[in-house]
Amino acid sequence: MDSFFGTCGAAPGGKLRLHFYELMLRIHGAVQAMKLEAKESGASVPERDCIAAAARQLAREARVVCVDEVMQVTDIADGYILRHFFDELFKSGVVLVATSNRPPSQLMTAGPHVQYSVGPLVEQLRHYLATVSVRSTTDYRSFLPPLDGAFLSPDTLDNRGLLR
């Protein structure tokens with residue numbers, strides 16, 4: 001992802017890189033803010049409209065969106081939200097590049113109603129995205145920068161040793 005994001009230059013319309021959890025926080029925050037604003041004005045806004053508006057807001061910010069570590073959807077409501085969010089994002093012409101340790105079919109593997117909540121999301125991702133498996137014998141996460149200025153918790157002798 002670092003290589004792609006760094007080499008795609010100044011994408012027309014801008015580019016944005018987020019961790020999956022940052023994306024989810026943005027979506028939930030935008031939906032909550034829109035619902036609160038509507039409530040304060042005495043109106044009611046369907047959740048789906050708020051989700052679509054959050055996607056359009058992101059599309060205005062960037063035409064290329066990179067999402068790191070789309071690992072697992074653990075909440076069926078998030079599956080619903082992501083399906084509608086990505087639908088609007090793709091309609092807006094946004095290019096989505098994502099990394100994951102799982103193929104789309106394994107975004108949510110257990111729990112009730114998986115086929116209803118995440119199944120349509122998986123089909124949507126298969127339709128709009130190409131899945132590329134990048135296999136390597138090298139774990140590039142082991143090449144992390146030094147931990148200067150970092151702190152680790154809990155305060156153990158092992159963690160203190162990492163900071164030296």
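Residues numbered from 1 in each chain as written. Predicted model: local features only at pLDDT ≥ 70, side-chain atom pairs only at ≥ 80, totals over all residues. Heavy atoms only, no water.

**Student:** What should I look at first to understand the pattern of salt bridges in this one?
**Tutor:** Oppositely charged side chains may form a pair once their charged atoms are brought near each other. Overall, the coordinates contain 7 salt bridges when judged by the stated rule. With its nearest N and O atoms 2.5 Å apart, the salt bridge here joins Asp2 to Arg17. With a gap of 15 residues between them, Asp2 in helix α1 (residues 2–7) and Arg17 in strand β1 (residues 15–19) connect regions that are remote in the sequence. Among the ionic pairs, Glu123 bridges to Arg126, the shortest N-O distance being 2.9 Å. Placement of the pair is Glu123 and Arg126 together in helix α6 (residues 119–128), with a separation of 3 residues, close to one helical turn. (Salt bridge = Lys/Arg side-chain N within 4 Å of Asp/Glu carboxyl O. Helix = DSSP H or I, 4+ residues; strand = E, 2+ residues; numbered from the N terminus.)

**Student:** What exactly am I supposed to notice about the packing of helix α4 (residues 76–91) against α6 here?
**Tutor:** Working note: a packed helix pair is described by the angle between its axes plus the distance between those axes. Where α4 contacts α6, the two axes come as close as 9 Å, and the packing angle between them is 25 degrees. Judged by the angle between their axes, α4 and α6 are roughly parallel. Seen from above, α4 lies across α6 with left-handed handedness. Along its contact with α4, which presents Gly79, Leu82, Arg83, Phe86, Asp87 and Phe90, the element α6 presents Pro120, Leu121, Gln124, Leu125 and Tyr128. Here the residues of the contact of α4 with α6 sort into 7 nonpolar, 2 polar and 2 charged. (Axes fitted to C-alpha atoms, helices over the stretch in contact; angles between N-to-C directions. Parallel < 35°, antiparallel > 145°, perpendicular 65-115°, else oblique. Left-handed = near helix turned anticlockwise from the far one by under 90°. Contact = heavy atoms within 4.5 Å. Nonpolar A, V, L, I, M, F, W, Y, C, P; charged D, E, K, R; others polar.)

**Student:** When you look at the packing of aromatic side chains in this model, what are you seeing that I'm missing?
**Tutor:** The geometry of two aromatic rings is summed up by the distance between their centres and the angle between their planes. Per the stated rule, a full pass over the model turns up 4 aromatic pairs. Their ring planes at 25 degrees and their centres at 5.9 Å tell us that Phe86 and Phe90 sit as a pair that is stacked. Here Phe86 and its partner Phe90 are both found in helix α4, 4 residues apart, which amounts to about one turn of the helix. Take Phe86: its relative accessible area is 7%, and that puts it in the buried class. Looking at Phe90, the relative accessible area reads 11%, which means it is buried. Ring centres 4.4 Å apart and planes at 20 degrees place the aromatic pair Phe90 and Tyr128 in the stacked group. Placement of the pair is Phe90 in helix α4 and Tyr128 in helix α6, with a sequence separation of 38 residues. Given a relative accessible area of 40%, Tyr128 falls into the partly exposed group. Three or more aromatic residues joined by ring pairs form one cluster here, namely Phe85, Phe86, Phe90 and Tyr128. When the ring centre of Phe5 is taken as reference, the NZ or CZ atom of Lys15 above it lies at 4.3 Å. (Phe/Tyr/Trp six-rings, centres within 6.5 Å; stacked < 30°, edge-to-face > 60°. Buried < 20%, exposed > 50% of the residue type's maximum accessible area, 1.4 Å probe, protein only. Lys NZ or Arg CZ within 6 Å of the ring centre and 35° of its normal.)

**Student:** Even after reading the chapter, I still don't get the side chain of Ser92, so can you show me in this structure?
**Tutor:** Checked against the element boundaries, Ser92 lands in the loop between α4 and β3 (95–98). Engagement of the side chain of Ser92 in a polar contact is seen with the backbone oxygen of Glu88, the distance being 2.9 Å. Every residue in contact with Ser92, bar those within four places of it in the chain, is listed here: Arg56, Ala59 and Arg63. (Polar contact = N/O pair within 3.5 Å; in protein donor to acceptor, adjacent residues only side chain to side chain.)

**Student:** Looking at this structure, how should I read α4?
**Tutor:** The α-helix winds at 3.6 residues per turn, so residues separated by three or four positions along the chain end up facing the same way. Its 16 residues give α4 an end-to-end C-alpha distance of 23 Å, which sits within 8% of 22 Å, the value for a rise of 1.5 Å per residue. Burial in α4 covers these residues: Asp78, Gly79, Ile81, Leu82, His84, Phe85, Phe86, Glu88, Leu89 and Phe90. (Expected span 1.5 Å × (residues − 1).)

**Student:** When you look at α6 in this model, what are you seeing that I'm missing?
**Tutor:** Regarding α6, the residues found buried are Leu121, Val122, Gln124 and Leu125. In an axial view of α6, the angular spread of the buried residues amounts to 160 degrees, which keeps them on one side of the axis. (Arc of directions from axis to C-beta.)

**Student:** Sorry, what's going on with the packing of helix α2 (residues 20–40) against helix α3 (residues 47–61) here?
**Tutor:** Running from N to C, α2 and α3 point in directions that differ by 125 degrees, and their axes come no closer than 9 Å. The orientation of α2 with respect to α3, classified from their angle, is oblique. Between α2 and α3 lies a crossing of right-handed hand. Contacts between α2 and α3 pair Leu23, Arg26, Ala30, Val31, Met34 and Lys35 from the former with Glu47, Cys50, Ile51, Ala53, Ala54, Gln57, Leu58 and Glu61 from the latter. Counted by class, the contact of α2 with α3 contains 9 nonpolar, 1 polar and 4 charged residues.

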